[in-house]
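Structural overview
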Amino acid sequence: MSDQIADTLHELIVATRILANEKVLDAFGHVSVRHPHDPQRYFIPRHRAPELAEISDLVELTLDSEPVRPTEFRLYSEKVIHGEIYKARPDVSAVCHHHAHTVLPFAISGQQIVPVFHLGAVVGHVPFWDQRDEFGDTNMLVVKPEEGASLARALGPHWMVLMRRHGATVAGTSIRELIFRTVFGSDNCKLLAQAMALGHVDSLSPGEAKLTSAHQQRPPSTNRAWDYWVRQVEKAGLMPAKASTGGRGQKRAAPAKRRAAPKSSKKVAVKARKHR
Ligand SMILES: [Zn+2]
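In this report, we go over the structure that sits alongside the text. From a predicted model like this one, the values you see are computed outputs, not experimental measurements. (Residues numbered from 1 in each chain as written. Predicted model: local features only at pLDDT ≥ 70, side-chain atom pairs only at ≥ 80, totals over all residues. Heavy atoms only, no water.)

Some details on the overall build of the chain
Each helix and strand counted, the chain has 10 helices and 7 strands in total. By sequence separation, contacts in the chain at least 24 residues apart represent 69% of the contacts at least 6 residues apart. By element, 53% of the accessible surface of the chain is carried by carbon and sulfur atoms, the whole surface being about 12800 Å². (Helix = DSSP H or I, 4+ residues; strand = E, 2+ residues; numbered from the N terminus. Contact = heavy atoms within 4.5 Å. Areas by Shrake-Rupley, 256 points an atom, 1.4 Å probe, with all protein chains shown as cover.)

Section: the coordination of the zinc ion
Around the zinc ion, the donor atoms from the protein are Glu 78 (OE), His 97 (NE2), His 99 (NE2) and His 166 (NE2), and they sit 2.0 to 2.3 Å away. Coordination at the zinc ion comes from 4 donor atoms whose angles at the metal span 89 to 141 degrees, giving a geometry best classed as irregular. Read N to C, the donor residues that coordinate the zinc ion are spaced as E-x18-H-x1-H-x66-H. Of this pair, Glu 78 sits in the loop between strand 3 (58–62) and helix 2 (79–88) while His 166 sits in the loop between strand 6 (160–163) and strand 7 (167–172); the two residues are 88 residues apart in sequence, bridging distant segments of the chain. Here the two residues Glu 78 and His 166 agree in accessibility, since each one is buried. (Donors = N, O, S within 2.8 Å, 3.2 Å for Na, K, Ca; no water. Tetrahedral: all angles 85-135°; square planar, octahedral: opposite > 155°, others 65-115°. Buried < 20%, exposed > 50% of the residue type's maximum accessible area, 1.4 Å probe, protein only.)

Things to note about the side chain of His 30
Along the polypeptide, His 30 turns up in strand 1 (residues 30–34). Reaching out from His 30, the side chain makes a polar contact with the side chain of His 82 at a distance of 2.8 Å. Setting aside anything within four residues of it in sequence, one finds His 30 in contact with Leu 25, Ile 44, Tyr 76, Glu 78, His 82, Val 95, Cys 96 and His 97. (Polar contact = N/O pair within 3.5 Å; in protein donor to acceptor, adjacent residues only side chain to side chain.)

A word on the sheet that holds strand 2 (residues 41–45)
The pairing of strands in a sheet happens through backbone hydrogen bonds and is either parallel or antiparallel. Strand order in the open sheet formed by 7 strands is 3-2-1-4-7-6-5, with mixed pairing between adjacent strands. Because the sheet does not close on itself, it has two edges, and the strands there are strand 3 and strand 5 (128–129). The pairing of strand 2 with strand 3 spans 5 bridges and is antiparallel. Paired with Arg 41 across the strands is Thr 62, a residue of strand 3. Contacts from helix 1 (residues 3–21) reach strand 1, strand 2, strand 3 and strand 4 (94–98), with the element oriented near 160 degrees to strand 1. (Pairing = 2+ DSSP bridges. Axes fitted to C-alpha atoms, helices over the stretch in contact; angles between N-to-C directions.)

Observations concerning the pairing of strand 1
Counting buried residues along strand 1, 5 of its 5 residues qualify, which places the element largely inside the surrounding structure. What you see with strand 1 is no split at all: His 30, Ser 32 and Arg 34 on one side and Val 31 and Val 33 on the other are buried throughout. Looking at chain direction, strand 1 and strand 4 are connected through 4 bridges and run antiparallel. Looking across to strand 4, one finds that Val 31 is bridged to Cys 96. Pairing between strand 1 and strand 2: 2 bridges, direction antiparallel. By the bridge assignment, Val 33 is partnered in strand 2 with Phe 43. Counting the residues in the hairpin turn of strand 1 and strand 2 gives 6 residues.

Digging into the environment of Thr 222
On the secondary structure map, Thr 222 appears in helix 8 (residues 219–235). Measuring from C-alpha to C-alpha, the distance between Thr 222 and Arg 176 comes to 6.0 Å, with 46 residues separating the pair along the chain. The contacts of Thr 222, once residues within four sequence positions are left out, are Arg 176, Glu 177, Phe 180, Gln 216 and Gln 217.

Quick word on the packing of helix 6 (residues 175–198) against helix 8
Two numbers describe how helix 6 lies on helix 8: the axes approach to 9 Å, and their chain directions differ by 75 degrees. Judged on the interaxial angle alone, helix 8 and helix 6 are roughly perpendicular. Listed contacts from helix 8 to Ile 175, Arg 176, Glu 177, Ile 179, Phe 180, Val 183 and Phe 184 of helix 6 are Ser 221, Thr 222, Asn 223, Ala 225, Trp 226 and Trp 229. Of the residues assigned to the contact of helix 6 with helix 8, the class counts are 8 nonpolar, 3 polar and 2 charged. (Parallel < 35°, antiparallel > 145°, perpendicular 65-115°, else oblique. Nonpolar A, V, L, I, M, F, W, Y, C, P; charged D, E, K, R; others polar.)

As for helix 7 (residues 206–216)
Along helix 7, the positions that sit buried rather than exposed are Ala 209, Thr 212, Ser 213 and Gln 216. Each buried residue of helix 7 lies within a common arc of 105 degrees when the element is viewed along its axis, so the set occupies one face. Exposed residues lying more than 90 degrees from the buried face of helix 7 are Lys 210, Leu 211 and Ala 214. (Arc of directions from axis to C-beta.)

A few points about unusual backbone geometry
Phi is positive for Lys 23, close to 65 degrees, though the residue is something other than glycine. Along the polypeptide, Lys 23 turns up in the loop between helix 1 and strand 1. Lys 23 gets classed as exposed once you look at its relative accessible area, which sits at 67%. Here the phi dihedral of Met 140 falls at roughly 75 degrees; this positive angle occurs in a residue that is not glycine. You can see Met 140 is positioned in the loop between helix 4 (131–135) and helix 5 (145–155). For Met 140, a relative accessible area of 32% gives the class partly exposed.

So, in structure tokens, the structure goes:
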């Protein structure tokens, strides 16, 4: 494993711990990252609560959301959200799907999200997607490739899409930009709801939103916020092993998966449809 891949995998696990610690992810939701050397693949943890995910839990999937190597790991059924967005958006390198309670009132009510403070501007325009429109009654999980593709079309050129009565999906050009947008997007929704309860909302003008969003997405801002959230993760005792240790962990984990290979591919495909 190259150092760049080891660092990327470590950063992905740190990102999941940050979003769990910031109460954006709970038992459900997931974060993925595009393979740094192969844009036709991405990494995502196996089916488990994000806060519990380890580097050895990461699986490498094609953009059709099929495992690159046979694995007995149970996978997220909503993995197609990630694969279909990576297919549709070559500029996207990281994706988060979540059901944060700060954001859900907007997905439930159909109330448009608008930026109400400078850091919230990174959400940009947030379109809606209603699975019911195209697919009728479903179990509301995005499990079929065509459902993921429909969601990706609704996202369009934007960076966050609200999923009616379900949650949200957020994209970024990097893990750090994604986490910045996801956390401050959640904060923006909380503040917007509070301002609405007070009876008046003074949102950013389109010009303010454009200028401040561009400013906040620069590395000095995203790295400063990342460092702060990493410190919170450390204080919570949730920090995963360093990248070099993580790389060794990944190598240790690999033979177990390979040994399990002969009986696994069909089993995984079946299991993946059953579990979220
Ligand atoms: Zn979901």
